[in-house]
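Residue strings, one per chain:
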Amino acid sequence: MRAWTCHEYGSPRDLRLDEVAAPVPRAAEVIIATEAIGLGYVDALFVAGTYQVKLPLPFVPGSEVAGRIVATGSEVTHLVTGQRVLALAPRGALAEQVAVPAASCVPIPDGVSSAAAAAMIVNYSTALYGLRDCGQVVSNERVLVLG
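A few points on the structure.

Here we take up the sheet that holds strand E4 (residues 64-72). Strand pairing in a sheet takes place through backbone hydrogen bonds and is either antiparallel or parallel in direction. Ordered by their spatial adjacency, 5 strands build an open sheet running E6-E3-E4-E5-E7, and the pairing between neighbours is antiparallel. The strands lining the two open edges of the sheet, one partner per strand, are strand E6 (97-101) and strand E7 (105-107). The mean inter-strand angle of the sheet, taken between neighbouring strand axes irrespective of direction, is 45°. For strand E3 (residues 29-38) and E6, the ladder comprises 5 bridges, and the chain directions are antiparallel.

The next point concerns the side chain of serine 63. For serine 63, the position within the fold is in the loop between helix H1 (41-48) and E4. When its relative accessible area of 16% is taken as the criterion, serine 63 is described as buried. Not counting the four nearest positions on each side in its chain, serine 63 is found in contact with Asp43, Ala87, Leu88, Ala89 and Ala93.

Our focus in this paragraph is the nonpolar core. Val30, Ile32, Leu79, Val100 and Cys105 are the most contacted members of the largest nonpolar core, which has 14 residues in total. Leave out the neighbours within four places in its chain, and valine 30 touches Ile69, Ala71, Thr72, Val76, Leu79, Val98, Ala99, Val100, Ala102 and Cys105. Formed by 10 residues, the second largest nonpolar core is a distinct cluster that contains Cys6, Leu15, Leu55 and Ala95.

Take the environment of alanine 95 next. One can find alanine 95 in the loop between strand E5 (84-88) and E6. The buried category is assigned to alanine 95, whose relative accessible area is 9%. In this structure alanine 95 touches Met1, Arg2, Ala3, Thr34 and Val60, once residues within four positions along its chain are discounted.

Taken as a whole and assessed by the stated rule, the structure comprises 4 salt bridges. Here arginine 2 ties to glutamate 96 by a salt bridge, and the two come within 3.0 Å at their closest N and O atoms. With arginine 2 in strand E1 (residues 2-5) and glutamate 96 in the loop between E5 and E6, the pair connects residues that are 94 residues apart, well separated along the chain. On the accessibility criterion, arginine 2 (41% relative accessible area) is partly exposed. In this structure, the salt-bridge partner of glutamate 35 is arginine 68, at a minimum N-O distance of 3.6 Å. Remark: arginine 68 occurs in strand E4 and glutamate 35 occurs in strand E3; sequence separation between them is 33 residues. Accessibility expressed as a relative area gives 37% for arginine 68, which makes it partly exposed.

Conventions and cut-offs
Residues numbered from 1 in each chain as written. Predicted model: local features only at pLDDT ≥ 70, side-chain atom pairs only at ≥ 80, totals over all residues. Heavy atoms only, no water. Pairing = 2+ DSSP bridges. Helix = DSSP H or I, 4+ residues; strand = E, 2+ residues; numbered from the N terminus. Axes fitted to C-alpha atoms, helices over the stretch in contact; angles between N-to-C directions. Buried < 20%, exposed > 50% of the residue type's maximum accessible area, 1.4 Å probe, protein only. Contact = heavy atoms within 4.5 Å. Core = buried A, V, L, I, M, F, W, Y, C linked by side-chain atoms within 4.5 Å. Salt bridge = Lys/Arg side-chain N within 4 Å of Asp/Glu carboxyl O.

What follows is the structure, encoded as structure tokens:
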């Protein structure tokens, strides 16, 4: 299986595409075949080694993932193989497959693309928090988004 791996802290351009062992689900985990990944500022900070938590090298970055379940752990009863889900992965989403806690998975509704779903957990929620809670934007106000 292939995964983008951070071998030294620096730029995302320094990530290497490596062959790594395929994940095996623990009892309360599922394996997701990655269809889309949401990447954001925090991912770049992890790769740079400047986030508040410094991941030990080497590591596979990426925390937002959407795809299909290809394996389930022995304790997983509410998700099934073949089901489309989005999840917040502790790390490792920049891979063909990733192991995630089953409790962090949310079914993707029909009509929602994997690309849209992959950005929902961190990126969409961050924008929503900024607009609603920090900016206190209300109906009929206009917002200029610069980035």
